[in-house]
Amino acid sequence: MTRSAGPAVGSVAAGSLCVLVASVLWGTTGTAATFAPAVGPLAIGAAAMGLGGLLQALVAAPRIARERSALRARRGVVALGALAVGAYPLAFYSSMHLAGVAAGTVVSIGSAPLASALIERVVDKRRLTRRWMTGAALGLSGTVLLCVAEAAEAPSGPGVHSVRTTVLGVGLGLVAGLTYALYSWAAHRLISRGVTSGAAMGAVFGLGGLLLLPVLVATGAPLLGSWSNAAVGSYMALVPMFTGYVLFGWGLAHVPASTATTLSLLEPAVAALLAVLVVGERLPPLGWTGIALVVGCLAVLTAPTRSAPSTRTAPSTRAASPTRAVPPTRIAPSASAAPPTGTTPPTGTAAPARAAPPPMPTPTAMPTAPASAPNDVS
């Protein structure tokens, strides 16, 4: 019992680490996009997720071919995940473009755990723990504070970050959070049904990448306009999307989708920090409070759980088996001792002692036998 708990805890820790590293990589996408201002958000999203998804499918092609029967049997889940992959980058990068890097990232990623938990509750009948609800409340509160801070700093005129565009960006961020939760759930569903993470992620993201190709063809011309634009597109496809989602797939093999999307709340903190340090965005104190609440949510949900009760029950189970074995050992001596007492009369001569047991009077003659003891002593 104790040995089986160890690997489970270790696998969960490894899966959580993969998701956290992927979140750090994803946190760089908004800042990287600012280095290609001539490229629109639709082109950035289509290049990042589309090319990255096709690359995942190419690398996982042998696994997809081996597991095509399992994928075909769950084609509905694969199609749902692919549609979510195709919609997510368009909503996510448009949200950052309209509401700002910090607000767009926090709303998109911060709302995903809530959507993911709702999906798991409705579809998988998974109960929401009190711990998760506490963390989700912190994350949602931080998201709201950050949005309010961004909206307060936005100019009232028809600027890039006006109140109207900020609200629209927040709405698109909620759409991005829902689609993020959907394809995370779809990938985890496939993996939990026996499909390997490589085949599941390759199939879902490969089909999603195909859906994004028309958008890339229609809007991606600026990516070839300069070396810097091409470098940004290549970085987005190779590092955050391909490498990040390979790690994310490994993580989904060990943790539920709701946990994975909640762990990815690290991405807004990384994005906000880079937006302030690199892009030069100004985040008011209220916004920093929101970021702190999001980090607090991450801390609540990633703190180690109490595995002591499961470890303590193992010794009690082991102790129960010896106590059940003790009664037979106690009964055995009493049963085995009875025959010797019946044969104990050492009357000296073997022939009378063996002939004595058939008649019953011989035990009564046994008390007179001690009278011969003095003769033996003499």
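Note that the coordinates shown come from a computational prediction; the quantities given were computed from them, not determined experimentally.

A. Main features of the overall build of the protein. When its secondary structure is counted, the protein shows 18 helices and 0 strands. Long-range pairs, those at least 24 residues apart, make up 87% of the contacts in the protein between residues at least 6 apart in sequence. Working note: accessible area of the protein is about 19000 Å², and carbon and sulfur atoms make up 71% of it.

B. Broad picture of the packing of helix H6 (residues 75-99) against helix H9 (residues 163-192). Their axes nearest at 7 Å, the elements H6 and H9 cross at an angle of 155°. When the axes of H6 and H9 are compared, the pair comes out roughly antiparallel. By crossing handedness, the relation of H6 to H9 is classed as left-handed.

C. Quick look at the side chain of Ser23. The topology assignment puts Ser23 in helix H1 (residues 2-26). For Ser23, the contacting residues outside a window of four places in its chain are Leu263, Ser264, Leu266 and Glu267.

D. Summary view of helix H13 (residues 266-279). End to end, H13 covers 19 Å across 14 residues, agreeing with the expected 20 Å (1.5 Å per residue, within 8%). The complete set of buried residues in H13 reads Glu267, Pro268, Ala269, Val270, Ala271, Ala272 and Ala275.

E. Fine view of unusual backbone geometry. Phi is positive for Lys125, close to 60°, though the residue is something other than glycine. By secondary structure assignment, the location of Lys125 is in the loop between helix H7 (101-123) and helix H8 (130-153).

F. Quick look at helix H10 (residues 197-219). The end-to-end C-alpha separation of H10 is 31 Å, in line with the 33 Å expected for 23 residues at 1.5 Å each. Taken as a whole, H10 carries its principal kink of about 35° at Leu212; the proline Pro214 stands between one and four residues after it.

G. Examining the environment of Ala103 more closely. Structurally, Ala103 is set in helix H7. Overall, Ala103 belongs to the buried group, its relative accessible area being 1%.

H. Structural context of the pattern of salt bridges. Scanning all chains against the criterion turns up 2 salt bridges. One salt bridge connects Glu120 with Arg126, and the closest N-O pair in it is separated by 3.2 Å. With a relative accessible area of 3%, Glu120 lands in the buried category. Taking relative accessible area as the criterion, Arg126 reaches 36% and is therefore assigned partly exposed. The closest approach of N and O atoms between Arg189 and Asp124, which form a salt bridge, is 2.5 Å. On the criterion of sequence distance, the pair formed by Arg189 in helix H9 and Asp124 in the loop between H7 and H8 is long-range, its members being 65 residues apart. Assessed through its relative accessible area of 22%, Arg189 is described here as partly exposed. Of the residues examined, Asp124 reaches a relative accessible area of 29% and is grouped as partly exposed.

I. The arrangement of the confidence of the model for the protein in detail. In the predicted model, the protein carries a mean pLDDT of 77, and the fraction of residues at 70 or more is 74%. Averaged pLDDT values for the elements of the protein fall to 42 in helix H18 (residues 373-377) and rise to 95 in helix H4 (residues 61-66). Between residues 329-353, whose pLDDT stays under 50, and residues either more than four places distant or in other chains, the model counts 4 contacts.

J. Structural view of empty space enclosed by the protein. Counted according to the given criterion, the structure contains 1 cavity of 30 Å³ or more. Considering only enclosed or pocket space, the largest cavity measures out at about 50 Å³ in volume. Broken down by secondary-structure element, the contributors of at least two residues to the lining of the largest cavity are H6, H9 and helix H11 (227-252). The class makeup of the residues in the lining of the largest cavity is 8 nonpolar, 1 polar and 1 charged.

Cut-offs and rules
- Residues numbered from 1 in each chain as written.
- Predicted model: local features only at pLDDT ≥ 70, side-chain atom pairs only at ≥ 80, totals over all residues.
- Heavy atoms only, no water.
- Helix = DSSP H or I, 4+ residues; strand = E, 2+ residues; numbered from the N terminus.
- Contact = heavy atoms within 4.5 Å.
- Areas by Shrake-Rupley, 256 points an atom, 1.4 Å probe, with all protein chains shown as cover.
- Axes fitted to C-alpha atoms, helices over the stretch in contact; angles between N-to-C directions.
- Parallel < 35°, antiparallel > 145°, perpendicular 65-115°, else oblique.
- Left-handed = near helix turned anticlockwise from the far one by under 90°.
- Expected span 1.5 Å × (residues − 1).
- Buried < 20%, exposed > 50% of the residue type's maximum accessible area, 1.4 Å probe, protein only.
- Bend = angle between axes of the 7 residues up to and from the residue.
- Salt bridge = Lys/Arg side-chain N within 4 Å of Asp/Glu carboxyl O.
- pLDDT = per-residue confidence, 0-100.
- 1 Å grid on protein atoms, 1.4 Å probe; cavity = no way out; pocket = protein on both sides within 12 Å on 5 of 7 lines; lining within 4 Å.
- Points joined across faces, edges and corners; volume = space filled by probe spheres on them.
- Nonpolar A, V, L, I, M, F, W, Y, C, P; charged D, E, K, R; others polar.

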